[in-house]
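Results of the structural survey
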Amino acid sequence: MPQTLISVLNRRETPSVQDVIEAEDEAFIKVPGSFTCLNPECQQICSWKPGRGRPQVFCSRRCKKRYDAVQARLMQEVERIEAVLERSPASTTAEQKAIRSMLAQRRYALRHYGIDYQEFQGEANQGTA
Ligand SMILES: [Zn+2]
């Protein structure tokens, strides 16, 4: 099995800082130094650069703004749909299915924008309310 930082450190009883630094060199599995831009709509590469300043996770200010805007819009839509459902529940099975699907799709999309809502429990509660 390939060596990870943890498996190298596990060979030492009480690892020191020096052991951790050495283990980083010994470890076969390295931490990736590059990722795609955090904006799910973008495929640009952002790379880790050691040193001062916050590491870049968005390729541009434009991508950061777009990410924030889409995240905010999706969250507003989920909250708005949930508020409507609270006031007036779906009256038919078709409506229920459609509205649940709308919410599930937005929650799914939001996971790509760093938001992990709890699974919609409508299915499990169906018929018991
Ligand atoms: Zn980007």
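Since this is a predicted model, take the numbers as computed values, not measurements.

Section: the coordination of the zinc ion
The textbook angles at a metal center are 109.5 degrees for a tetrahedron of four donors and 90 or 180 degrees for an octahedron of six. Within the protein, the zinc ion binds to Cys-37 (SG), Cys-42 (SG), Cys-59 (SG) and Cys-63 (SG); these donor distances fall in the range 2.3 to 2.4 Å. Note that the zinc ion binds four donor atoms; their angles at the metal cover 104 to 118°, and the shape is tetrahedral. Spacing between the donor residues of the zinc ion along the chain follows C-x4-C-x16-C-x3-C. Of this pair, Cys-42 sits in the loop between strand 1 (34–36) and strand 2 (45–47) while Cys-59 sits in the loop between strand 2 and helix 3 (61–87), and the two are 17 residues apart along the sequence.

A look at the nonpolar core
Buried together is how nonpolar side chains tend to be arranged in soluble globular proteins. Ranked by size, the top nonpolar core spans 13 residues in total, and within it Cys-37, Phe-58, Cys-63, Leu-74 and Tyr-113 carry the most contacts. At the level of elements, helix 3 and helix 4 (93–111) are the ones that each hand at least two residues to this core. Ranked by residue count, the leading element in this core is helix 3, at six residues. Two domains share this core, each providing at least three of its residues, namely domain 1 (5–47) and domain 2 (61–116). Not counting residues up to four positions away in its chain, the partners in contact with Phe-58 are Cys-37, Leu-38, Asn-39, Cys-46, Cys-63, Lys-64 and Tyr-67.

Rules of the game
Residues numbered from 1 in each chain as written. Predicted model: local features only at pLDDT ≥ 70, side-chain atom pairs only at ≥ 80, totals over all residues. Heavy atoms only, no water. Donors = N, O, S within 2.8 Å, 3.2 Å for Na, K, Ca; no water. Tetrahedral: all angles 85-135°; square planar, octahedral: opposite > 155°, others 65-115°. Helix = DSSP H or I, 4+ residues; strand = E, 2+ residues; numbered from the N terminus. Core = buried A, V, L, I, M, F, W, Y, C linked by side-chain atoms within 4.5 Å. Buried < 20%, exposed > 50% of the residue type's maximum accessible area, 1.4 Å probe, protein only. Domains from an automatic or database assignment. Contact = heavy atoms within 4.5 Å.

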